[in-house]
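Given next are the chains, with one letter for each unit.
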Amino acid sequence: MGDAAVALREATQALSETSDSPRLDAELLMAHALEIERAELLLKLPELAAPAEFPALIERRRQSEPVAHIIGKKEFWGLDFQVTPDVLIPRPDSELLIEEAVRAFASRHPQRILDLGTGSGALLLAALSEFPEADGLGLDASAAALQIAHNNADKLGLAGRAKFLLLDWTATNWADAPGSGFDLILANLPYVSTSAILSKDVAGFEPHQALFAGEDGLDDYRIIIPALVKLLSPAGTALLEIGFDQANPVSDLAAENGYHSELKQDLGGNDRLLILRR
Ligand code: GLN
């Protein structure tokens, strides 16, 4: 009999004030310390000994450092993504974009996919894993983020179909560089108001460049939506992640630029996604 089960119980208790998912966090951190998958940890728990480095990992999490930063990875759409403080940690809510992309392109797969603000590459690479004939381009203003996206494309065996481009869309004529005729555009833009108060896990550890977009959180949509006319093929579909209170202003922006929008909610029942078509 090992003492891993007891250590997990104590760690769960220790994390209960910091984390919404203390037991899961403790399991992921222990599995990481043991260099095994969480499923194996749960299976063998009674016979395992708590690893010596476990308390230090729990202490980091207790100081609000995200689990994904401590273990260096996060699962998204069933795929493992390398994650560092240079990229937004992929969120389960964003899987809705992939789900709806699969639904929208059930009968005719996209050939060319564009991901605006690709970060870790999670959206682009998940989409490429679903559409084996497609090529994809991911844009980001952060070279450090694109390095992570490259690593993820390599590790997932998708590097042959994924290209990445360093690009800042606050520059003039930026929309000339990526090309045109994309039939699927994915975007999880920064959309948080600069005056929003975020939890310490997010505000203290994740890149502000990927989160904040002006007082109303709409700065990046104001740039991206008018550019869709150039980037998206006439029959194409753009999937935009939005904040829970942004459906109206973003669909208004879309309408001003000739697109109608369909609104979708995430699992928590919040408005999360707009599907734009001509
Ligand atoms: N959903 C993110 C959050 O937790 C925001 C992501 C974004 O701005 N794109 O704050």
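Above: the structure in question.
Now for a look at the structure at hand.

**Some thoughts on the pairing of strand S4 (residues 135–140)**
Logical step 1: The buried count for S4 comes to five of six residues, which makes it a mostly enclosed element.
Logical step 2: Relative to S4, strand S3 (residues 112–116) is paired through five bridges, and the arrangement is parallel. When the bridges of S4 are listed, Ile113 appears paired with Gly136.
Logical step 3: Traced from S3 through helix H7 (residues 122–130) to S4, the parallel crossover comes out right-handed.
Logical step 4: Looking at chain direction, S4 and strand S5 (residues 162–166) are connected through five bridges and run parallel. Its bridge partner lying in S5, Asp140 is registered against Leu166.
Logical step 5: One crossover worth recording links S4 to the parallel S5 by way of helix H8 (residues 143–155), and it is right-handed.

**Observations concerning the nonpolar core**
Logical step 1: Core analysis: the biggest nonpolar cluster contains 32 residues, and Leu114, Leu116, Trp174, Ile185, Tyr221, Val250 and Leu276 have the highest contact counts within it.
Logical step 2: Of all the secondary structure elements, the ones that give two or more residues to this core are S3, S4, strand S6 (182–187), helix H10 (219–231), strand S7 (232–241), helix H11 (247–256) and strand S9 (271–277).
Logical step 3: Among the elements that take part in this core, H10 stands out by supplying six residues, more than any other.
Logical step 4: Once residues within four sequence positions are removed from consideration, Val250 is found in contact with Leu218, Tyr221, Ile225, Leu240, Ile242 and Leu274.
Logical step 5: Among the nonpolar cores identified, the runner-up in size contains 29 residues, and Ile113, Ala134, Ala153 and Leu158 belong to it.

**A closer look at the pattern of salt bridges**
Logical step 1: By the definition in use, this model includes 18 salt bridges.
Logical step 2: Across the pair Arg272 and Glu241 runs a salt bridge, and its minimum N-O distance is 3.9 Å. Remark: Glu241 occurs in strand S7 and Arg272 occurs in strand S9; sequence separation between them is 31 residues. There is no split in this pair, since Arg272 and Glu241 are both buried.

**Brief notes about the packing of helix H1 (residues 4–15) against helix H2 (residues 22–34)**
Logical step 1: Contact pair H1 / H2: the axes reach a minimum separation of 8 Å and the direction vectors enclose 130 degrees. Between H1 and H2, the angle falls in the class oblique. Crossing angle aside, the handedness with which H1 passes H2 is right-handed. Where H1 approaches H2, its residues Ala4, Ala7, Leu8, Arg9, Ala11, Thr12 and Leu15 are matched on the opposing element by Pro22, Arg23, Asp25, Ala26, Glu27 and Met30.
Logical step 2: Across the contact of H1 with H2, the residue classes break down as eight nonpolar, one polar and four charged.

**A look at the environment of Ala203**
Logical step 1: Structurally, the position occupied by Ala203 is in helix H9 (residues 200–203).
Logical step 2: Here Ala203 is in contact with Leu198 and His208, once residues within four sequence places are set aside.

**Digging into the site of the ligand**
Logical step 1: Near the ligand, the surroundings consist of Leu88, Arg91, Asn188, Leu189, Pro190, Tyr191, Val192, Ala210 and Leu211.
Logical step 2: Expressed as a share of its isolated accessible area of 300 Å², the protein-covered part of the ligand is 83%.
Logical step 3: Looking at side-chain class alone, the shell around the ligand contains seven nonpolar, one polar and one charged residues.

**Quick word on the sheet that holds S9**
Logical step 1: Here we have seven strands laid out as an open sheet, ordered S5-S4-S3-S6-S7-S9-S8, and mixed in their pairing. Edge positions in the open sheet fall to S5 and strand S8 (260–265), since each of these has one partner strand only. Between one strand axis and the next, the sheet turns through 20 degrees on average, direction left out of account.
Logical step 2: Here S6 runs beside S7; their pairing, made up of five bridges, is parallel. Paired with Leu184 across the two strands is Thr237, which belongs to S7.
Logical step 3: Along the sheet, helix H6 (residues 95–104) makes contact with S6, S7, S8 and S9, crossing S9 at roughly 35 degrees.

**Let's talk about H1**
Logical step 1: Spanning twelve residues, H1 covers 16 Å between terminal C-alpha atoms, matching the ideal 16 Å at 1.5 Å per step.
Logical step 2: Those residues of H1 that are buried are in contact with H2 and helix H4 (54–62).

Cut-offs and rules
- Residues numbered from 1 in each chain as written.
- Predicted model: local features only at pLDDT ≥ 70, side-chain atom pairs only at ≥ 80, totals over all residues.
- Heavy atoms only, no water.
- Buried < 20%, exposed > 50% of the residue type's maximum accessible area, 1.4 Å probe, protein only.
- Helix = DSSP H or I, 4+ residues; strand = E, 2+ residues; numbered from the N terminus.
- Pairing = 2+ DSSP bridges.
- Right-handed = clockwise from strand over helix to strand, strands pointing away.
- Core = buried A, V, L, I, M, F, W, Y, C linked by side-chain atoms within 4.5 Å.
- Contact = heavy atoms within 4.5 Å.
- Salt bridge = Lys/Arg side-chain N within 4 Å of Asp/Glu carboxyl O.
- Axes fitted to C-alpha atoms, helices over the stretch in contact; angles between N-to-C directions.
- Parallel < 35°, antiparallel > 145°, perpendicular 65-115°, else oblique.
- Left-handed = near helix turned anticlockwise from the far one by under 90°.
- Nonpolar A, V, L, I, M, F, W, Y, C, P; charged D, E, K, R; others polar.
- Near = heavy atom within 4 Å.
- Areas by Shrake-Rupley, 256 points an atom, 1.4 Å probe, with all protein chains shown as cover.
- Expected span 1.5 Å × (residues − 1).

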